[in-house]
Amino acid sequence: MDSTFRRTPNIHLQDLINGLLQGNRIFLSRAITLVESKRADDKVASAELVDKILNTERKTLRIGITGVPGVGKSTFIESFGKMLTEKGKKVAVLSIDPSSNRSKGSILGDKTRMDELSKDPNAFIRPSASGSSLGGVASSTRESILLCEAAGFDVIIIETVGVGQSETIVKDMVDYFLLLMLAGGGDELQGIKRGIMEMADHILINKADNDNLKAAKHAKDDYWNAVHLFPPNDADWVVPVGLCSALEKNGIEEVWSEIENYQSHTAKNGWFEENRKRQAIKWFHERIHARLEEIFYSKPMIKEEIKKREELISSQKLSVRKAVEELFNS
Ligand code: GDP
């Protein structure tokens, strides 16, 4: 974003919107940078931008993809994305990376990980947004989805690393949630993975090739048994458990045909639309909470006032309830 744009957002905003609506990827990139910005003037421009490009007509599909580092997410997205562009779809790839703050890196920072797809004129790959809160990153990713859709992209893929909180956030912004797994390592059916498995609309065991094929088939049976003990999901959808080799491009078409099944199943039972509506309302309330927090913490002297009360609370001279009342009334 150049400084002219920042200083006079309104003059250039219409140009940005026009370029975006024409599907220009440079404008799309700039628009995403704008919605990711934390500057007050950019926030005003972003609100106007997102409001103007809301798309109510075109049918799009938002797919979340998760799995532990090394499971093959980028290899899968490369194969899957290429298959989709060959079918005439326009594909955008965004990411949410909870580790990017710490490492200052990003799971998609290195575009060469999706070498072919990044050169495809019908694909758009955007490295992860970074920010101080996962909530803030999530919100700008939601807006980036809307921008990609306005720019004519049909399928938006949101990638995240399978480490916990970010899954829930991604689940809340997509139509279909795909979990990539590996065979072996008996831990997979336990612990945190269970929660993530319960969120999945599709479980896919990757690297089902060569010496790993037999173990992958075993894992598939195990996951199938586990998944079918879960209560029925909101979509009333029987979660498929499949095998694939992202590297050898096997099982990729099958994933797409399951997604198409899901689309027609949830169009018929109304869940597709219902889910998008619920997600938008939930996002609205999350933003209200975030805004309230921002307003509260920006009060003058608030940090000092909190610090003072922390000491009183820890020495039991002040109750938490009273402290909170005082802060809100100060
Ligand atoms: P990510 O961290 O989940 O994005 O995983 P990557 O896509 O970077 O893949 C990690 C490693 O696994 C790379 O060396 C890939 O070449 C390899 N890999 C990915 N998919 C497959 C697959 O289907 N079969 C095999 N044998 N290796 C794969």
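Residues numbered from 1 in each chain as written. Predicted model: local features only at pLDDT ≥ 70, side-chain atom pairs only at ≥ 80, totals over all residues. Heavy atoms only, no water.

Visitor: Could you give an account of the overall build of the protein, with specific residues and numbers?
Guide: Helices and strands together make up the secondary structure of the protein, namely 15 helices and seven strands. Pairs at least 24 apart in sequence give 74% of the contacts found in the protein among residues at least 6 apart. (Helix = DSSP H or I, 4+ residues; strand = E, 2+ residues; numbered from the N terminus. Contact = heavy atoms within 4.5 Å.)

Visitor: Talk me through a nonpolar patch on the surface; I want residue IDs and the actual numbers.
Guide: A surface patch of nonpolar side chains, about 340 Å² in accessible area, is lined by I313, V320, V324 and F328. The element best represented in the nonpolar patch is helix α15 (residues 320–329), accounting for three residues. Mapped onto the elements, V324 comes out in helix α15. On the accessibility criterion, V324 (37% relative accessible area) is partly exposed. (Patch = residues over 30% accessible without salt bridge, like charges linked within 9 Å, V, L, I, M, F, W, Y side chains within 5 Å. Areas by Shrake-Rupley, 256 points an atom, 1.4 Å probe, with all protein chains shown as cover. Salt bridge = Lys/Arg side-chain N within 4 Å of Asp/Glu carboxyl O. Buried < 20%, exposed > 50% of the residue type's maximum accessible area, 1.4 Å probe, protein only.)

Visitor: Please set out the confidence of the model for the protein residue by residue, giving values where relevant.
Guide: On average, residues of the protein score 87 in pLDDT, and 87% of them reach the 70 mark or higher. Low pLDDT, under 50, characterises residues 7–11; the stretch is placed with two contacts to residues that sit more than four places away or in other chains. Taken together, the stretch residues 101–106 has pLDDT below 50 and engages in nine contacts with residues farther than four places along the chain or on a different chain. (pLDDT = per-residue confidence, 0-100.)

Visitor: Mind laying out the site of the ligand, listing which residues take part and the relevant values?
Guide: Close to the ligand lie 15 residues; G70, K73, T75, R113 and D209 are nearest. In the environment of the ligand, an oxygen atom lies 2.8 Å from a nitrogen or oxygen atom belonging to the backbone of G70. Within the backbone of L247, one N or O atom sits 3.1 Å away from an oxygen atom of the ligand. Across the complex, the protein chains shield 71% of the 580 Å² of accessible surface that the ligand would expose by itself. (Near = heavy atom within 4 Å. Polar contact = N/O pair within 3.5 Å; in protein donor to acceptor, adjacent residues only side chain to side chain.)

Visitor: Residue-level account of the packing of helix α3 (residues 25–36) against helix α4 (residues 40–53), with values.
Guide: Two elements in contact, α3 and α4, have axes whose closest approach is 8 Å; the angle formed by their N-to-C orientations is 125°. Between α3 and α4, the angle is such that the two are oblique. Viewed along their axes, α3 and α4 form a crossing whose handedness is left-handed. Judged by residue contacts, A31, L34 and V35 of α3 engage D42, A45, S46, L49 and V50 from α4. Across the contact of α3 with α4, the residue classes break down as six nonpolar, one polar and one charged. (Axes fitted to C-alpha atoms, helices over the stretch in contact; angles between N-to-C directions. Parallel < 35°, antiparallel > 145°, perpendicular 65-115°, else oblique. Left-handed = near helix turned anticlockwise from the far one by under 90°. Nonpolar A, V, L, I, M, F, W, Y, C, P; charged D, E, K, R; others polar.)

Visitor: Explain the nonpolar core to me, and be specific about the residues and the numbers.
Guide: Burial of nonpolar side chains together is a common tendency in soluble globular proteins. In terms of nonpolar packing, the biggest core is built from 84 residues, with L49, F76, F80 and I203 touching the most fellow members. The element contributing the most residues to this core is helix α8 (residues 134–150), with seven residues. Setting aside its immediate chain neighbours within four residues, L49 contacts L13, L16, I17, L20, A31, L34, V35 and L147. (Core = buried A, V, L, I, M, F, W, Y, C linked by side-chain atoms within 4.5 Å.)

Visitor: Pulling in residues and values, what's your account of the side chain of R276?
Guide: Looking at where R276 falls in the secondary structure, it is placed in helix α13 (residues 271–297). Filtering out sequence-adjacent residues up to four positions away, R276 remains in contact with T60, L61, R62, E149 and D175.

Visitor: Before we move on, can you summarise the pairing of strand β4 (residues 155–161) with the specific residues and values?
Guide: The element β4 is extensively covered by neighbouring structure, given that seven of its seven residues are classed as buried. Here β4 shows no split at all, with V155, I157, E159 and V161 on one side and I156, I158 and T160 on the other all buried. In this sheet, β4 lies alongside strand β1 (residues 61–67) in parallel orientation, the contact comprising seven bridges. Paired with I63 across the strands is I157, a residue of β4. Sheet topology places strand β2 (residues 91–96) next to β4; six bridges connect them, and they run parallel. (Pairing = 2+ DSSP bridges.)

Visitor: Tell me about the pattern of salt bridges, residues and numbers included.
Guide: Under the definition given, this model contains 20 salt bridges. Ionic pairing is found between K43 and E294, a salt bridge with its closest N-O pair at 3.9 Å. In this pair, K43 is assigned in helix α4 and E294 in helix α13, connecting sequence segments 251 residues apart. Judged by its relative accessible area of 37%, E294 is partly exposed. Via salt bridges that share partners, E305, K308, R309, K322 and E326 belong to a single interconnected network.

Visitor: So, the sheet that holds strand β7 (residues 241–243): which residues are in play, and what are the values?
Guide: If you walk across this open sheet you meet the seven strands as β3-β2-β4-β1-β5-β6-β7, and the pairing is parallel. Of all strands in the sheet, those bounded by a partner on one side alone are β3 (123–125) and β7. Along the sheet, successive strands turn relative to each other by an average axial angle of 20°, direction set aside. Most of the contacts of α8 go to β2, to which it runs at about 175°, and overall it touches β1, β2, β3 and β4. Across the sheet, helix α11 (residues 213–227) lies against β5 (176–181), β6 (202–205) and β7, angled at about 170° from β7, the strand it touches most.

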